[in-house]
Amino acid sequence: MYPSHRPLIDLIPDNSNLDVSDEEDGFYGHDDDYLIHPKWKHIIHRTTNRVPRRIQRYLVIWLVLATTTLIAWRSYLGPQYSAYRAELADMDSTPKEAFGANVRPHFTDTIQVKTMDEKHLPDKHKRLVIIGDVHGCKKELEELLKKVEFEKGRDHLILTGDIIAKGPDSPGVVSLAQHLDASCVRGNHEDRMLLSLAATSTSHTTPPNALSHSDSKARQLAQSFTPSQLAWLAECPVILSVGAIPKLGTLVVVHAGLVPDIPLAQQDPFYAMNMRSIDAKTRMPSETRAGTPWEKLWNHRQAKLPAHARTTVVYGHDRKRGRNVERYSIGLDSGCVSGGHLTAVVIGGRGECEFVQVRCRQDYTK
Amino acid sequence: MKASQYAIAVALASVIATTLASPTGSVEKSDGKKEIGLRQEQESPREDKKKNKYFNEPGTTHQLGHYDARYFHGVVSDKERTDTQLHMIRAYLDFFRSKRLDTWLAHGTLLGWWWNGRRLPWDWDMDTQVSEATLQYLGEKHNHTKHEYTSDDGKTKREYILDINPWLWERERGDGMNIIDARWVDTRNGLFIDITGLSEIHPDTAPGVWRCKNNHKYETLELYPMRETVFEGVAAKVPYSYDKILIDEYTEKALILTRWEGHIWDAETKVWIKTQAQIEAEAEEARIREEIKKEEQRKKGGK
């Protein structure tokens, strides 16, 4: 109980200081309207004043840069880098189950591998001249041979396939090649033309419709050749093993590409004439560009082999990538028939490579 | 009242019957909808589509689906099947070659060729393809012909019948009962090679696209020109882009993985070898079959 002598009113606190008038300055004061306590603000000011302005500015710039980099890495570079790492890991691995375990398909009338006569190997005087997809461009071929000062009997000519079709004078190119005693490999155009020709002689119910499209083109083309020219084309192997050349290791010529770690005799002939990319993991080649470029995997795998076991491949077929020279692969198709260039690699006795090309006259495919 | 209802029912039934009996080859099936509609009509309980089926098998199981009912005398052993298939495909390929007719390996048979130029040991089906033109020629000139065969060593003599499905004019899948166009049947046990014809169904709108009645699609340029090769020791043909056709049908795994259906690829000898587990499973299966047979005989004896 409260002491009875003290009235309750006395218990009410003095409220005079709650009486704030808006006429006083204090009412508009910012005293307590702050984010950082003035005491702290003071401390910060004291410290930052000691840091030069320029450094403060740099700090901001660096922060912005770091944020940008982080975002770029997260959204683009990171995934790119991990894909690159994954591809590298795939290329490094030797898969247990990979393409090429089968018995290589055997085709009648298709020669898988030939070895070039040793007498054509380059030395001090002799050179090897390898030329990309000619496609019937005889004039350009003649120009290029002139430009490299090709001498019959001394130098040896090798053609990387697709000698014929599309261009103006396929029979002319073949007869020139025959005349120069050139070596060649079978390209997809030779393959299709020769197979069409063989098919017409083995069956009589080949449906007429089947031949109405490019197959009839291939047969028409076949009719422009003499039997001796056809026989010469049929002798072109899928793969030509040229032999050992300093710096280059074993030199091999093929039209499209090869699957690494598979012997030449075991290479799938269809893909050797048609591949453009390969699955780095399963080593499954493809005609499309969906996978790793085959020559990328090829170069990667060659570098892992002991020096004496390495193989350099000279090929054509891939017009889009054009002249494409890497350590263990030389791509020579620079699209002559569609108005590009005709390219030759001239290889000397010490393995030195010189690239020579001529501009082609026009786009013959139009 | 009743008479008019009967009349309507009869009229309806006859309309449906004529629709079913008329050739469906001319029906435009550019979209899936119509096809579904057609099939539903045919699956009505009134008509049993099975009776439209030309080639019949003693059963639909894994075991019985691979015999022609007319020549079936019971399931053969694994050994007999292998031997039958070997001579059967040789005789088939030799016959086509001697008549200068185009035929080529397809499906599982093509896959077997790809691996080692032989059949896949677990494959009960043998498949070949011909063009529609060849199929019609066969129907005209060689239907129901019998072919005597003697193996190269002279030890094996066989007889085969070439039977062309009269539904060959129908180039669409139809009711799915006649998707096999012809058969090369061993008359001793009813094992056969399935022959399917490819037609360019829409030469105007989709030129260069070939289809079998089971709707496998091929392009002219991946089929032709064919490649001459060797299968089971005799000359055979395979399509131009054999790899692509196999990948489209079976995916890349079929050309890479070395374990399939209880068999493992031997990298040294390059043949498919039956795994121990598979051998045991088959022995068990054979034992059970034997017991069932005995049981049946006992029952017969008891009666």
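Residues numbered from 1 in each chain as written. Chains lettered and ligands numbered in written order. Predicted model: local features only at pLDDT ≥ 70, side-chain atom pairs only at ≥ 80, totals over all residues. Heavy atoms only, no water.

- Looking at an unreviewed UniProt entry, one finds chain B named LicD family-domain-containing protein, with Massariosphaeria phaeospora as its source organism.
- Listed under Subcellular location (unreviewed entry) in UniProt, the entry text for chain B is "Membrane". (UniProt positions renumbered as here; feature names shortened; annotations may be inferred.)

- Going by an unreviewed UniProt entry, chain A carries the name Metallo-dependent phosphatase-like protein and comes from Massariosphaeria phaeospora.

**Focus on the overall build of chain B**
Stage number 1. Looking only at helices and strands, chain B has eight helices and 13 strands in total.
Stage number 2. Expressed as a percentage of its 303 residues, the buried residues of chain B come to 46%.
Stage number 3. Long-range contacts, defined as pairs at least 24 residues apart, comprise 58% of the intrachain contacts of chain B with a sequence gap of at least 6.
Stage number 4. As presented, chain B carries roughly 15700 Å² of accessible surface, and 54% of it is formed by carbon and sulfur atoms. (Helix = DSSP H or I, 4+ residues; strand = E, 2+ residues; numbered from the N terminus. Buried < 20%, exposed > 50% of the residue type's maximum accessible area, 1.4 Å probe, protein only. Contact = heavy atoms within 4.5 Å. Areas by Shrake-Rupley, 256 points an atom, 1.4 Å probe, with all protein chains shown as cover.)

**Quick look at the sheet that holds strand S2 (residues 128–131) of chain A**
All names here are of chain A.
Stage number 1. Reading across the sheet, the five strands line up as S4-S3-S2-S13-S14 and stay open at both edges, with mixed pairing between neighbours. In this open sheet, the two strands that pair with only one neighbour each are strand S4 (183–184) and strand S14 (353–359).
Stage number 2. Taken together, the four bridges between S2 and strand S3 (residues 156–159) define a ladder with parallel strand orientation. Residue pairing in the sheet places Ile130 in a bridge with Ile158 of S3. (Pairing = 2+ DSSP bridges.)

**Examining the pattern of salt bridges**
Stage number 1. Taken as a whole and judged by the stated rule, the model has 38 salt bridges over all chains.
Stage number 2. Across the pair A:Arg154 and A:Asp155 runs a salt bridge whose closest N-O atoms are separated by 2.9 Å.
Stage number 3. Classification of A:Asp155 as buried rests on a relative accessible area of 4%.
Stage number 4. Between A:Arg321 and A:Glu295 there is a salt bridge, with the nearest N and O atoms lying 3.2 Å from each other. Here the residue A:Arg321 occupies a position in the loop between strand S10 (311–315) and strand S11 (324–326), and A:Glu295 occupies one in helix H9 (residues 294–304), the gap between them amounting to 26 residues.
Stage number 5. A relative accessible area of 29% places A:Arg321 in the partly exposed class.
Stage number 6. Overlapping salt bridges, with partners in common, bring together B:Lys53, B:Glu57, B:Asp68, B:Arg70, B:Asp163, B:Arg183 and B:Asp194 in one network. (Salt bridge = Lys/Arg side-chain N within 4 Å of Asp/Glu carboxyl O.)

**Topic: the confidence of the model for chain B**
All names here are of chain B.
Stage number 1. For chain B, the mean per-residue pLDDT works out to 82, and 83% of the residues sit at or above 70.
Stage number 2. The low-confidence segment residues 22–46, where pLDDT is below 50, has 23 contacts with residues more than four positions distant or belonging to other chains.
Stage number 3. Scored as a complex, the prediction yields pTM 0.80 and ipTM 0.80. (pLDDT = per-residue confidence, 0-100.)

**Details of the environment of A:Gly172**
Stage number 1. On the secondary structure map, A:Gly172 appears in helix H4 (residues 170–179).
Stage number 2. Along the sequence, A:Gly172 and A:Cys137 sit 35 residues apart, while their C-alpha atoms lie 8.7 Å from each other.

**Observations regarding the UniProt feature "transmembrane region" (unreviewed entry) in chain A**
Stage number 1. Mapped onto the present numbering, the UniProt feature "transmembrane region" (unreviewed entry) falls on residues 58–76 of chain A.
Stage number 2. Counted over residues 58–76 of chain A, helix gives 100% and strand 0%. Its end C-alpha atoms are 26 Å apart.

**A few points about the state of the cysteines**
Residue and element names in this part refer to chain A.
Stage number 1. Counted under the stated rule, the structure contains two disulfides over all chains.
Stage number 2. The side chain of Cys336 participates in a disulfide bridge whose partner is Cys360; the two sulfur atoms lie 2.2 Å from each other. The chirality of the disulfide connecting Cys336 with Cys360 is left-handed, given an S-S dihedral of about -115°. Placement of Cys336 in the loop between strand S12 (329–331) and strand S13 (341–347) and of Cys360 in the segment after S14 is noted, with a sequence separation of 24 residues between them. You'll find Cys336 and Cys360 in the same group, each marked buried.
Stage number 3. Assigning the bonded cysteines of chain A consecutive numbers by sequence position, one obtains the connectivity 1-2, 3-4.
Stage number 4. Between Cys137, a cysteine without a disulfide, and Cys336, which holds the nearest cysteine sulfur, the sulfur-to-sulfur distance is 3.9 Å. (Disulfide = S-S within 2.5 Å.)

**Notes on the packing of helix H2 (residues 53–92) of chain A against H9(A)**
Residue and element names in this part refer to chain A.
Stage number 1. Two elements in contact, H2 and H9, have axes separated by 10 Å at closest approach and are oriented at 55°. In terms of orientation, H2 lies oblique with respect to H9. Like other packed secondary-structure pairs, H2 and H9 cross with a definite hand, here right-handed. Contacts between H2 and H9 involve Glu87, Leu88, Met91 and Asp92 from the first element and Lys296, Leu297, His300, Arg301 and Lys304 from the second.
Stage number 2. Taken together, the residues of the contact of H2 with H9 break down into three nonpolar, one polar and five charged. (Axes fitted to C-alpha atoms, helices over the stretch in contact; angles between N-to-C directions. Parallel < 35°, antiparallel > 145°, perpendicular 65-115°, else oblique. Left-handed = near helix turned anticlockwise from the far one by under 90°. Nonpolar A, V, L, I, M, F, W, Y, C, P; charged D, E, K, R; others polar.)

**Let's talk about helix H7 (residues 242–250) of chain B**
For an α-helix, 3.6 residues make a turn, and residues three or four places apart therefore share a direction.
Stage number 1. Among all positions in H7(B), only B:Tyr242, B:Asp243, B:Ile245, B:Leu246 and B:Ile247 are buried.
Stage number 2. Count one or two residues on from H7(B) and you reach B:Thr251, which has phi positive near 70°.

**What about the packing of helix H3 (residues 138–147) of chain A against H4(A)?**
Two quantities define a packed helix pair, namely the angle between the helix axes and the distance between the axes.
Residues and elements named next belong to chain A.
Stage number 1. Close contact between H3 and H4 brings their axes to 9 Å; oriented N to C, the two are set at 30°. Within the contact between the two elements, H3 uses Lys138, Leu141, Glu142 and Leu145 and H4 uses Gly172, Val173 and Leu176.
Stage number 2. A per-class count over the contact of H3 with H4 returns four nonpolar, one polar and two charged.

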